Amino acid sequence: MKSTLKLILVSMVLSIGILSAQTYRLEVGFVSPKQSGAELSTNYFNGGRLGVTAEFGLKHNFSLLTGALYSLVYSNKVQYYSSTDSVTYKTFGHSIDIPLRLTYTLPLSKNLKVFGFAGPNINVGIAQPRKTTAVLSSSLREVIDEFGNVPTNGTEDLYKSAMISRINFQMGAGGGVQWKNYQLKGGYDFGINSINKVDTSKLLRQGGWYVSLVYQF
């Protein structure tokens, strides 16, 4: 309930901000997040995102940018135990990014500008269904069972199963170039909090890079 109220509050503040913004943009791009930890294997995702941003002008070429960006990503991770034993994890991720970036823009000519930005980002998970396909011999299953849970075939949502947290706080930076009403930009977001809800002693952070094409309208 507390998480739901926080999301509603953030959405209200974001809506008010967008209504009073000075510049609006449509953004489409490629994203490549990863989930990684010191004691955990890394899970790489690839996909795309689409959304709108709103920018508020400040002084001395600075501005504040926020918005809402929907991402759809996919991961196909295979864990091999031997040449004949393996477990395949196919995962889809649906999420919303809410950035809050301080941006500095440097005009080079009438139509050409370069810019850089930095600031926090809130990644809110909507759904993350994962399909597990285990091809394991009975002898290997017995060995795995002694050290932990044996992977089983099936599909589950990692959020609904309380395996990972829906809220992922990040800090990021990036930059780009603008020609007239078009921008090409890229950046990287670093995960701050652990999203591991199964074993809180093992940190699992989510971050990644992205590149986007942006149209100002």
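In the block above lies the structure referred to throughout.
All figures in this text were calculated on a predicted structure; none of them were measured in a lab. The numbering scheme is per chain: residues are counted from 1 as the chain's sequence reads. Confidence filtering applies because this is a predicted model: local features only for residues at pLDDT of at least 70, side-chain atom pairs given and counted only at 80 or more, and all residues used for totals across whole chains, interfaces and linings. As a rule here, side-chain values cover all heavy atoms of the structure and leave hydrogens and water aside.

Caption draft 1: Geometry of the packing of aromatic side chains. Ring geometry is summarised as follows: Phe, Tyr and Trp rings, the Trp one being its six-membered ring, pair when their centres sit within 6.5 Å, and such pairs are stacked at plane angles under 30 degrees, edge-to-face over 60 and tilted between the two. Scanning all chains against the criterion turns up seven aromatic pairs. Here Phe30 and Trp209 contribute two aromatic rings whose centre-to-centre distance is 5.5 Å and whose plane-to-plane angle is 50 degrees, an arrangement assigned as tilted. Taken together, the positions of Phe30 in strand β1 (residues 23–37) and Trp209 in strand β11 (residues 205–216) put the pair 179 residues apart, joining distant regions of the chain. Burial status follows relative accessibility: with a 1.4 Å probe on protein chains alone, a residue under 20% of its type maximum counts as buried, one over 50% as exposed, and anything between as partly exposed. Take Trp209: its relative accessible area is 41%, and that puts it in the partly exposed class. Each ring, one from Tyr74 and one from Phe92, has its centre 4.8 Å from the other, and the planes form 45 degrees; the classification is tilted. Strands here mean DSSP runs of E at least two residues long; helices mean DSSP runs of H or I at least four residues long; both are numbered from the N terminus.

Caption draft 2: Broad picture of the environment of Ala162. Along the chain, Ala162 falls in the loop between β8 (154–157) and β9 (167–179). Exposure remark for Ala162: the relative accessible area of 37% places this residue in the partly exposed category. Along the backbone, Ala162 and Val198 are 36 residues apart, and their C-alpha atoms lie at a distance of 7.3 Å.

Caption draft 3: Region of the structure containing the pairing of β1. As paired elements, β1 and strand β3 (residues 46–57) share nine bridges and run antiparallel to each other. Within the sheet, the bridge partner assigned to Phe30 lies in β3 and is Gly48. In this sheet, β11 lies alongside β1 in antiparallel orientation, the contact comprising twelve bridges. The residue bridging Ser36 from the neighbouring strand is Arg205, located in β11. When DSSP locates at least two bridges between a pair of strands, those strands are taken to pair. Pairing between β1 and strand β2 (residues 40–44): three bridges, direction antiparallel. When the sheet's bridge partners are listed, Lys34 is paired in β2 with Tyr44. Between the antiparallel neighbours β1 and β2 lie two residues.

Caption draft 4: Region of the structure containing the pairing of strand β10 (residues 182–191). For β9 and β10, the ladder comprises ten bridges, and the chain directions are antiparallel. Bridge assignment links Gly175 to a residue of β10, and that residue is Gly186. What sits between the antiparallel neighbours β9 and β10 is a turn of two residues, in which Lys180 has the positive phi angle 55 degrees. Note: β10 against β11, eight bridges, orientation antiparallel. Bridge assignment links Gly186 to a residue of β11, and that residue is Val211.

Caption draft 5: Spotlight on the side chain of Asn43. Its location among the elements puts Asn43 in strand β2. The exposure class assigned to Asn43 is buried, which follows from its relative accessible area of 12%. Separated by 2.6 Å, the side chains of Asn43 and Ser75 make a polar contact. Any two residues having at least one pair of non-hydrogen atoms within 4.5 Å are treated as being in contact. Look past the residues within four positions of Asn43 in its chain and what remains in contact with it is Pro33, Lys34, Gln35, Ser75 and Lys77. Under the rule applied, a polar contact is a pair of N or O atoms within 3.5 Å (in protein, one hydrogen donor and one hydrogen acceptor; residues adjacent in sequence only if both atoms are side-chain atoms).

Caption draft 6: Representation of the pattern of salt bridges within the structure. Each reported salt bridge corresponds to a side-chain nitrogen of Lys or Arg within 4 Å of a carboxyl oxygen of Asp or Glu. Tallied over the full model, the rule gives six salt bridges. Residues Arg49 and Asp97 are paired through a salt bridge, measuring 3.8 Å at the closest nitrogen-oxygen approach. Of this pair, Arg49 sits in strand β3 while Asp97 sits in strand β5 (residues 86–107), placing them 48 residues apart in sequence. Given a relative accessible area of 8%, Arg49 falls into the buried group. Given a relative accessible area of 7%, Asp97 falls into the buried group. One salt bridge in this structure joins Asp189 and Arg101, with 2.8 Å as the shortest N-O distance. With Asp189 in strand β10 and Arg101 in strand β5, this residue pair connects regions lying 88 residues apart in the sequence. Arg101 sits in the buried class, given a relative accessible area of 5%. One salt-bridge network, held together by shared partners, links Glu27, Arg49, Asp97 and Lys185.

Caption draft 7: Just the environment of Ser41, in detail. Relative to the elements of secondary structure, Ser41 occurs in strand β2. For Ser41, a relative accessible area of 48% translates into the label partly exposed. A C-alpha to C-alpha distance of 9.6 Å links Ser41 and Gln79, two positions 38 residues apart in sequence. Non-local contacts of Ser41, meaning those with residues more than four positions away in its chain, are made with Gln35 and Lys77.

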